[in-house]
Each structure stands twice: as C-alpha cells, then as structure tokens.
Amino acid sequence: MKTPRCPLCGEELAPSVQSYGFEYVCWKCKWQTASLCPTRQGAEKAAQKLISKFPPIMRVHPGDKLHDKWCGLVTVESVDKEDCVITVRTVKGNVFRTYCEDVNEWPWEIEQE
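Here goes a summary of the coordinates provided. (Residues numbered from 1 in each chain as written. Predicted model: local features only at pLDDT ≥ 70, side-chain atom pairs only at ≥ 80, totals over all residues. Heavy atoms only, no water.)

A short note on the pairing of strand E1 (residues 14-18)
Note: E1 against strand E2 (residues 21-25), five bridges, orientation antiparallel. From the neighbouring strand, Ala14 faces E2, where its bridge partner is Val25. Where E1 folds back on E2, the antiparallel hairpin that results is connected by two residues. (Pairing = 2+ DSSP bridges. Helix = DSSP H or I, 4+ residues; strand = E, 2+ residues; numbered from the N terminus.)

This is how it looks when you write it as structure tokens:
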C-alpha cells in the first residue's frame, strides 16, 4: 500500500504511536487522523479511508499521474485548490491547465509506478 499523503499540504503522513494505539500524522502541518487503531496497518487503512472522503482536488499533488480526457496520461505540475485547476505536463512536454471535470482517472484509480 502506498504511504498516505496529507490532504492539506501533500507531505507523506507518518505513523505515530500513542499510548493506546497508532494514528497517522503530518509533521509539516500537524494534521492527524485522530482515530487510534491497535495496529499500524489498521491505522493506515483508517487514514486512507478518511483521506478518501476529501474532494479529489485535495488529494492530487505535483508528481502524480492522472488521465485527462483530452491528452491521456499526464503528470501533475501544480494544483490550484481554490479555483479547482490542475496544471499538467503531457508526455511530449506540453504544459496546460485542466479542470477536475476533465479528469477521467485520478492517481489512486490508475496504476502508479
């Protein structure tokens, strides 16, 4: 399973051991899952489940690959969460802006290398 990333800042979340179990924490912005699980694997699954409830624009980050309906497989360059615009680069190197409604498959829906 891929390491979960913070839906707020994009940093990788880290497992944190508390007195009664595990949770996942972003050490950069201090976001945390706030649900304790008895195992690290359980905490990771709980983190993934919570993150999946966030809108897609908050879960896509620079470097991710997605499938745009106009250009196929592209790499995310930057994300404007307020305007819901994603700047992407095609395999030929062209850079353009796309919108959430133009995404056919998000990174978690396609195979990541």
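Continuing now.
Section: the environment of Lys49
Topologically, Lys49 is positioned in helix H1 (residues 40-51). For the pair Lys49 and Thr33, spaced 16 residues apart in the sequence, the C-alpha separation amounts to 9.9 Å.

Notes on the sheet that holds strand E6 (residues 95-99)
What the five strands build is an open sheet, ordered E6-E5-E4-E3-E7; its pairing is antiparallel. Looking at which strands have only one partner, the edges of the open sheet turn out to be E6 and strand E7 (103-105). Ignoring strand direction, the axes of neighbouring strands in this sheet form an average angle of 55 degrees. As paired elements, strand E3 (residues 65-68) and strand E4 (residues 72-80) share four bridges and run antiparallel to each other. Paired with Leu66 across the bridge in E4 is Val74. (Axes fitted to C-alpha atoms, helices over the stretch in contact; angles between N-to-C directions.)

Geometric values such as these leave the question of function open.
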